[in-house]
Amino acid sequence: MHVKELELVHYRNLPYLKLDNFADLHLFIGENAQGKTNILESLYLLALGKSHRTRSHKELIQWEQPFAKISSRIVQQDYIQRLEVQFNAKGKKVIKNGIEQKRMSDYIGTLTAVMFAPEDLAIVKGSPQVRRRFLDMELGQISPSYVYDLTQYNKVIIQRNSLLKELAFKGKTETTLLDVLDQQMAELAVRLWKKRYLFVDKLASWAEEIHYLITQGKEQLEIVYQPSFLLKAEEPSSWYDKVMAELNRVRAHEVRKGSTSFGPHRDDLCLFSNGTNLHHYGSQGQQRTAALSLKLAELELIHEQTGSYPILLLDDVLSELDDLRRTHLLEAIRGKVQTFVTSTSTEGIDRETLAHAQIYQVVQGKVSLFSS
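Below you will find a few notes about this structure. (Residues numbered from 1 in each chain as written. Predicted model: local features only at pLDDT ≥ 70, side-chain atom pairs only at ≥ 80, totals over all residues. Heavy atoms only, no water.)

### Topic: empty space enclosed by the protein
For clarity, the threshold we go by: Using a grid of 1 Å spacing that covers the protein atoms alone, one calls a set of points a cavity when a 1.4 Å probe fits there but cannot get out, and a pocket when the set is open and has protein on both sides within 12 Å along at least five of seven lines; lining residues are those with an atom within 4 Å of a point. Grid points are joined across faces, edges and corners, and a volume is the space filled by probe spheres set on the points.
In this structure the tally under the stated criterion is one cavity of 30 Å³ or more. Here the largest cavity defines a volume of roughly 70 Å³. Taken together, F116, A117, P118, D120, L121, R288, A291, V317, E320 and L321 make up the full set of residues lining the largest cavity.

See below:
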């Protein structure tokens, strides 16, 4: 996977930018709030169809402009693909090889990307919602069917919650529609759970090995998927019946509450180091190491599943890592992963890395080749 060209039009504070002939390593240098992160965000958005920083399309459009556009040429296994994302006040369009894609599941996965930013510590110490989003975003890149099933599942949950509230408010006893939604929810939930279990198992295998190396054998990482409904991983054929039985058991409670009490939308991912729950008791250093291990594991897992490494986006993280973690990160990616890095300066980056990097200066939305 290799990005050959990136073009931005009216994107955030970047009125126009075109970069081509991309090498393996690109470094964007500049003070804060100059536009460095916007460049990495645009690449992430090209890959996943959404920003990692905002859900509002309007924030992506330059002030007083009617639209924004991101376009790129990528090469995957000697085949060139053209990707484009357009934004206006009404929404967005995702375009692949000149054809608008109506379903995100037909778009995501063409370009794969792994983003590592300081806020990724929240994967370890943040809320379950953050970890679910992490699972959904990364799993979606290697499984288009997962994106489709998740979209359908979320729609069913919205419909189901709305119906539960209506039944409670109006005191209705007719539940034919709820029966149908229960069946749909159970079918989709089982599909999602199967994919999540398999993904977490493979991710854990990679992450635990990487974590062991980073900590020089001092810490053993364990990653545990915790569904909101007790399931035996070795018995997936019975999951649907068990989910339907549970939905029937808690129906009266859910009607009173007006919401769905369990399902993939309420699951969590737990990380332990030498048996210690890192979310509750891990030191900042342990949490950083676990987050770094997860990101490096993503690279290897995507490569294992797709045959190509994703692009890697490092947003102001090198200065956040100590020498050991920084060295391990750079050694892990050198020569095999196309990498885009932002930093306020070149300090703390080793000479060998700088010697192989294309370096740009970013000042108030203008990008130029860096001269030391």
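There is more to say after this.
### Remarks on the sheet that holds strand β14 (residues 358-363)
Sheet strands line up and pair through hydrogen bonds in the backbone, either parallel or antiparallel. Note the following rule: Paired strands are those between which DSSP finds at least two bridges. Secondary structure counts use DSSP, requiring at least four H or I residues in a row for a helix and at least two E residues in a row for a strand, with both numbered from the N terminus. Inter-axis angles, ranging from 0 to 180 degrees, are taken between N-to-C directions of lines fitted to C-alpha atoms, where helices are fitted over the stretch in contact. A contact between two residues is defined here by any heavy atoms of the two lying within 4.5 Å.
Strand order in the open sheet made by the six strands is β8-β12-β13-β3-β14-β15, with mixed pairing throughout. Of all the strands in the sheet, the pair left with one neighbour each is β8 (113-116) and β15 (366-369). With direction set aside, neighbouring strand axes in the sheet form an average angle of 20°. By the bridge criterion, five bridges tie strand β3 (residues 25-29) to strand β13 (residues 339-343) in an arrangement that is parallel. Residue I29 lies in a different strand from β13, and its bridge partner there is S343. Docked against the sheet, helix α1 (residues 36-48) engages β3, β8, β12 (311-315), β13, β14 and β15, running at close to 145° with respect to β12.

### Here's the deal with unusual backbone geometry
Stated precisely, the cut-off is as follows: The cut-offs for exposure are 20% and 50% of the maximum accessible area for each residue type, with area from a 1.4 Å probe on protein chains only; residues under the lower value are buried, those over the upper are exposed, and the others partly exposed.
Unlike most non-glycine residues, N97 shows phi in positive territory, near 50°. Its location among the elements puts N97 in the loop between β6 (91-96) and β7 (99-100). The class of N97 is partly exposed, set by a relative accessible area of 35%. Of note, the phi angle at D316 is positive, near 55°, even though the residue is not glycine. Mapped onto the elements of the fold, D316 is located in the loop between β12 and α10 (323-333).

### A short note on the packing of aromatic side chains
We count it as follows: Here is the rule: rings of Phe, Tyr and Trp (six-membered ring for Trp) pair when centre to centre is within 6.5 Å. Planes less than 30 degrees apart are stacked, more than 60 are edge-to-face, and the remainder are tilted.
Under the defined criterion, the tally for this structure stands at five aromatic pairs. Here the aromatic rings of F229 and F262 are separated by 5.1 Å at their centres, their planes lie at 40°, and the arrangement is tilted. Of this pair, F229 sits in the loop between β9 (221-226) and α6 (239-249) while F262 is found in the loop between α7 (251-257) and β10 (268-273), placing the two residues 33 residues apart along the sequence. Among the aromatic side chains, those forming a connected cluster through ring pairs are Y197, Y225 and W239.

Note that every value here comes from positions in space, so none of it alone points to a role or purpose.
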